[in-house]
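# Observations on the three-dimensional arrangement
This is what each chain is made of:
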Amino acid sequence: MKTLIRNGRMALDGCLQHLDVLVEDGRITAVGSLGEVLVEREIDAAGCYVLPGFIDFHTHVDDQIGPYYLADTYESATRAALENGITTLCTFVTQGPDETLLQAMARARAKAEGQSHSDVLWHLTPTTFSPADLATLKVLLSGGYRTLKLYTTYKSAGIYASYDRIEELFTSLGPLGSQFLIHCEDDGIIEAVDPTGLDLSKAFTHTRLRPEAAEIVAIQRVVELALAHRTSMHVVHVSTLEGARHLVANRGKGDLSFETCPQYLFLDESWLAREDGHRWLCSPPLRGDRLSFLELIRQGAADIIATDHCPFCTRDKDNWNGQDFRVVPNGMPGISALPHVTWKIWEDDPDRAAMGLATHLSLNPAHRAGIGDRKGALQPGMDADIVVLDPRGPERPLRSTSADAFEAFPGFTSHLAFRHVLLHGETRVQDGRLTQPAAPTGRLLQPSPASLSLA
Ligand SMILES: [Zn+2]
């Protein structure tokens, strides 16, 4: 079927232009002032921005974290995503304590297959590094996988990697095209904090247990290693002004990028001081004064804005005795709030906000995820994942998730309305609702390990 999108203002080549876009067989086939074209369907995008489908680069979905199971399935997470213009969801496969990475991948694929409304791409989180594990990673990298996540903290959860380990992996896997995603909080600094005398009944104390210095030092260490080994590296969920500045200062010296998350821009540590402040526990923690940080991000410092969506059930968040908040699971939902809160970074200038979404939610994450040849821009040959966004819809409250998790942005509202969201050329969302909720058509973007002769 041929579809023509007319009359919108389209993000193309770094600016907004009045152009039409023609879609056929799931791909964009032409962009320009197309005049009369014989098509089966026309979408009138008058008053709207026409943007490449968004990518949430950092989410946790349908997984067990410690003793807790996340509230979102692939079905509910990708539904919330697509209804808000997110056509590709990047999420993690984390190797569990008694399994191989391939077994973890098989679990995730079985849950996502046939259930996903958006496309899905996995970042791999290996946690053991035997010669067999490394051999598997090499085959996966040669077969189209690209992003590996490493943690500089969480020893007790069994996912910690020392700086020596990180350096070893930079050396062995970096030359094979691996992009490293690093959670930066220096475990030594966190371990050295003495909780004696701190009030563990107050969630606010979390800011003392995981201080800004832990993030800043870890960023400095991994930047040094990445530059020394010429490794491609992306730092996830940067929350500190100094950490972000360090990355900006070093960006030109190598292939470095970073993301921040809406909660680090628009929620500060005062949320932890609320009666129900434990719900806003996440790591790294919410921080103090946000104005300078927000200003730096407004100037375009972050490559990617992503959610770190990690939706614990309200009952699991609330199930503690008020004595020691350290038992409360860390993380908050965010998928369906992502474009709305990102828009707020530049909301006094709607055109800049629209370009902000095109750059930080689409172009840059597509490139970093290794799918920049088919996603992230509205150019002929690319997947026709297209958002027709009306910036002047009726005001409505933000929802971070459709799952059974608390609201991370209570009191926040948005005027953004998703008139049409096309996935592979088909309108899957109209006026913010799935057109065929019972028939998910999202694709798993990476080859199955079986097709790489691995499973
Ligand atoms: Zn995360």
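Small disclaimer: the values here were computed from a predicted structure and weren't measured.

In terms of nonpolar packing, the biggest core is built from 105 residues, with L51, M233, F258, W280, L286 and I297 touching the most fellow members. When residues of this core are sorted by domain, at least three fall in each of domain 1 (2–50 + 378–395 + 413–434) and domain 2 (53–369). When neighbours within four sequence positions are excluded, W280 is seen to be in contact with L267, W271, L272, R274, L286, M332, F406, E407, A408 and P410. One finds L12, V21, I43 and V50 within the second-largest nonpolar core, a separate group that totals 16 residues.

Take unusual backbone geometry next. S283 connects to P284 through a cis peptide bond whose omega is 0°. Checked against the element boundaries, P284 lands in the loop between helix 9 (262–266) and helix 10 (291–298). At D62, a residue that is not glycine, the phi angle is positive and equals roughly 45°. Within the secondary structure, D62 is located in the loop between strand 8 (54–59) and strand 9 (64–65).

Taken as a whole, this structure holds 9 aromatic pairs when the rule is applied. Ring centres 5.1 Å apart and planes at 50° place the aromatic pair W271 and W280 in the tilted group. The class for W271 is buried, based on a relative accessible area of 13%. For W280, a relative accessible area of 2% puts it in the buried group. Following the ring pairs from residue to residue traces out a cluster consisting of W271, W280 and F406.

With that settled, consider the sheet that holds strand 22 (residues 426–430). Spatial ordering of the open sheet is given by 3-2-7-18-21-22-23, a layout of 7 strands whose pairing is mixed. Two strands close off the open sheet at either side, each with one partner strand: strand 3 (15–18) and strand 23 (433–434). When strand 22 meets strand 23, the two strands line up antiparallel, connected through 2 bridges. Note on strand 23: the bridge partner recorded for Q430 is R433.

Rules of the game
- In every chain, residue numbers begin from 1 and rise along the written sequence.
- Totals for whole chains, interfaces and linings use every residue, but because this is a predicted model, local features are given only for residues with pLDDT of at least 70 and side-chain atom pairs only at 80 or more, for both listing and counting.
- The basis for every side-chain value is the complete set of non-hydrogen atoms in the structure, without hydrogens or water.
- For our purposes a nonpolar core is just a set of buried Ala, Val, Leu, Ile, Met, Phe, Trp, Tyr and Cys residues, chained together by side-chain atoms within 4.5 Å.
- Burial here depends on accessible area, computed with a 1.4 Å probe over protein chains only, as a share of the maximum for the residue type. Under 20% is buried, over 50% is exposed, and the range in between is partly exposed.
- All the domain ranges listed were derived from an automatic or database domain assignment.
- In what follows, residue pairs with any heavy atoms lying within 4.5 Å of each other are defined as contacts.
- For the purposes of this entry, the term helix denotes a DSSP run of H or I that reaches at least four residues, the term strand denotes a run of E that reaches at least two, and both are numbered from the N terminus.
- The aromatic pairing rule takes the rings of Phe, Tyr and Trp, using the six-membered ring of Trp, and pairs them if the centres are within 6.5 Å, calling planes under 30 degrees apart stacked, those over 60 edge-to-face and the rest tilted.
- Pairing between strands is defined by DSSP: at least two bridges between the two strands are required.

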